[in-house]
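Listed below, chain by chain, are the residues.
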Amino acid sequence: MMHDQAEKLRQLALSSNAITKGTIIKKNCHSNNSRVITVTSGKGGVGKTNFTINLALALADLKQNVLVIDADLGMANIGVVLGCSTPYSLLNLLEDSKTMGDIVSDGPRGIKFIAGGSGMYHLANLSEIQLQYIIRQISFFDDWADFILIDTGAGLSKNVLNFVMAADEVIVITTPEPTAITDAYAMMKVYAGNQGYAPLRLVVNRITELAEGQMVVDKLTQVSLRFLTLPVNNLGFVFEDRNMVKAVKMQTPLLISFPQSIASRCIQGIASRLLKGEKTAQPSGIRVFLEKIFNFRR
Ligand SMILES: Nc1ncnc2c1ncn2[C@@H]1O[C@H](COP(=O)(O)OP(=O)(O)OP(=O)(O)O)[C@@H](O)[C@H]1O
Ligand SMILES: [Mg+2]
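If you're wondering where the values come from, they're calculated on a predicted model, not measured in any experiment.

**Some words on the pairing of strand β8 (residues 232-239)**
Okay, step 1: With seven bridges connecting them, strand β7 (residues 200-207) and β8 associate as parallel partners. Across the sheet, Leu202 pairs through a bridge with Asn234, a residue of β8.
Okay, step 2: In this fold, the crossover linking β7 to β8 by way of helix α11 (residues 210-228) has right-handed handedness.

Spelled out as structure tokens, the structure:
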């Protein structure tokens, strides 16, 4: 039985048409791998999922090919915010021998979306052949995607930490709430304790004035430098915006429902800084990302 499944996967991995269906439009910058960016937070509910989706849309507006991976086990978060659900998740690749073409959904403005489902957390338990199969399937995105954004759950679980440690770049979201700041610091501490060295990037969400955001940034950059010797960069602020709540209710991302609203403009600014600014690490792509996660178990 086990052998049969392995053999089936081996055959699938070898057949080239297993990779995807549809036309592949190459990304802008052929020479580079996709920038794999994990979006995380210490405290839950600080705005990761909405930020990730709207950042993806803002990057798409800047002519970038963007894949969003929902790595949050809790709810089908991204699908809800996007207003589109997917019948399959990553694990269906292995269990039902679906192809990438079956599990990838098309979101608005050309962004693509994969529900990681529980499969994301089983990566570390896969056999070598299963991993190679997934990698072969997903590697096509290294040719297509300029950005791969991974939305995680909150907190310090081993799983979330793996996504943080394996990413090229990490965005930490917090709000100005004291508990959110404390939890963001706790997350940074664990990151540093695990030999995380890529500078983290901070986004302070739901600020009511610039000075408030700056205070949070000053606090976190100072303590992380002093106690963790970890550089933290400020990627930007997002204002508290009632339209965000409306957009969530409408199941239409803010950038589409209220493109001129203040939070939309903040996120557009962050997208262009991300694109034009310095990268905190050389992009290594989704293949290397998955291999790292696989190797963490050793
Ligand atoms: N800039 C903002 N202005 C106003 N409300 C916001 C803003 N950002 C997020 N919110 C509110 O916060 C809620 C939670 O956001 P979201 O689901 O994106 O958080 P999350 O960090 O992904 O949560 P979880 O940890 O549960 O995954 C949203 O439904 C929205 O109502
Ligand atoms: Mg979320």
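On we go from here.
**Describing the nonpolar core**
Okay, step 1: Within the largest apolar cluster, 56 residues are counted, with the highest numbers of intra-cluster contacts made by Met100, Ile114, Phe141, Ile148 and Phe289.
Okay, step 2: In this structure Ile114 touches Leu67, Val68, Ile69, Asp70, Leu90, Met100, Ile103, Val104 and Phe141, once residues within four positions along its chain are discounted.
Okay, step 3: If you look at the next biggest cluster of nonpolar residues, it comprises 38 residues, including Ile37, Ile53, Leu55 and Leu82.

**Quick look at the packing of aromatic side chains**
Okay, step 1: Counted by the stated rule, this structure contains three aromatic pairs.
Okay, step 2: Look at Phe140 and Phe141: their rings are 4.6 Å apart centre to centre, the planes differ by 50 degrees, and that puts the pair in the tilted class.
Okay, step 3: We classify Phe141 as buried; its relative accessible area is 1%.
Okay, step 4: With a centroid separation of 6.0 Å and an interplanar angle of 15 degrees, the aromatic rings of Phe163 and Phe289 are classed as stacked. Linking Phe163 in helix α9 (residues 158-166) with Phe289 in helix α15 (residues 285-295), this pair joins segments that are 126 residues apart in sequence. Comparing Phe163 with Phe289 shows no difference in burial state: the two are buried.
Okay, step 5: One aromatic cluster in this structure is built from Phe140, Phe141 and Trp144.
Okay, step 6: For Lys112, the ring lying beneath its charged end belongs to Trp144, and the centroid distance is 5.6 Å.

**With respect to the side chain of Asp151**
Okay, step 1: Within the secondary structure layout, Asp151 lies in strand β5 (residues 147-152).
Okay, step 2: No salt bridge forms around the buried Asp151; measuring N to O, its nearest opposite-charge neighbour Lys48 is 5.9 Å away.
Okay, step 3: A distance of 2.7 Å separates polar atoms of two side chains, one belonging to Asp151 and the other to Thr49.
Okay, step 4: Filtering out sequence-adjacent residues up to four positions away, Asp151 remains in contact with Val39, Lys48, Thr49, Thr52, Ile69, Asp70, Ala71, Asp72 and Ile78.

**Let's talk about the packing of helix α10 (residues 178-193) against α11**
Okay, step 1: For the pair α10 and α11, interaxial distance at closest approach is 11 Å and the crossing angle is 30 degrees. In terms of orientation, α10 and α11 fall into the roughly parallel class. Taken as a pair, α10 and α11 cross one another with a handedness that is right-handed. In this structure, α10 uses Ile181, Ala184, Tyr185, Met188, Lys189 and Ala192 to contact α11, whose residues at the interface are Val216, Lys219, Leu220, Val223, Ser224, Phe227 and Leu228.
Okay, step 2: For the contact of α10 with α11, the class distribution of residues is ten nonpolar, one polar and two charged.

**Concerning the packing of helix α2 (residues 48-61) against helix α14 (residues 262-276)**
Okay, step 1: Between α2 and α14, whose axes approach to 9 Å, the crossing angle comes to 65 degrees. The way α2 lies across α14 gives a crossing that is right-handed. Only Ile267, Gln268, Ile270, Ala271 and Leu274 of α14 make contact with α2, whose side of the interface consists of Phe51, Asn54, Leu55, Ala58 and Leu59.
Okay, step 2: Of the residues assigned to the contact of α2 with α14, the class counts are eight nonpolar, two polar and no charged.

**Some details on the environment of Gly45**
Okay, step 1: As for its placement among the helices and strands, Gly45 is situated in the loop between β1 (35-41) and α2.
Okay, step 2: Since its relative accessible area comes to 72%, Gly45 is described here as exposed.
Okay, step 3: Here the alpha-carbon distance between Gly45 and Ala180, two residues 135 residues apart in the chain, equals 9.4 Å.

**Observations regarding the sheet that holds β7**
Okay, step 1: Read from one edge of the open sheet, eight strands run β3-β4-β2-β5-β1-β6-β7-β8, paired in mixed fashion. The sheet terminates laterally at β3 (104-106) and β8, the two strands that pair on one side only. Direction aside, the axes of adjacent strands within the sheet are offset by 25 degrees on average.
Okay, step 2: Pairing analysis gives six bridges linking strand β2 (residues 66-71) to β5, with the strands arranged parallel. Bridge pairing links Val66 to Phe147 in β5.

Here is what the cut-offs are and how they apply
- Residues numbered from 1 in each chain as written.
- Chains lettered and ligands numbered in written order.
- Predicted model: local features only at pLDDT ≥ 70, side-chain atom pairs only at ≥ 80, totals over all residues.
- Heavy atoms only, no water.
- Pairing = 2+ DSSP bridges.
- Helix = DSSP H or I, 4+ residues; strand = E, 2+ residues; numbered from the N terminus.
- Right-handed = clockwise from strand over helix to strand, strands pointing away.
- Core = buried A, V, L, I, M, F, W, Y, C linked by side-chain atoms within 4.5 Å.
- Buried < 20%, exposed > 50% of the residue type's maximum accessible area, 1.4 Å probe, protein only.
- Contact = heavy atoms within 4.5 Å.
- Phe/Tyr/Trp six-rings, centres within 6.5 Å; stacked < 30°, edge-to-face > 60°.
- Lys NZ or Arg CZ within 6 Å of the ring centre and 35° of its normal.
- Lys, Arg positive; Asp, Glu negative; His and termini not counted.
- Salt bridge = Lys/Arg side-chain N within 4 Å of Asp/Glu carboxyl O.
- Polar contact = N/O pair within 3.5 Å; in protein donor to acceptor, adjacent residues only side chain to side chain.
- Axes fitted to C-alpha atoms, helices over the stretch in contact; angles between N-to-C directions.
- Parallel < 35°, antiparallel > 145°, perpendicular 65-115°, else oblique.
- Left-handed = near helix turned anticlockwise from the far one by under 90°.
- Nonpolar A, V, L, I, M, F, W, Y, C, P; charged D, E, K, R; others polar.

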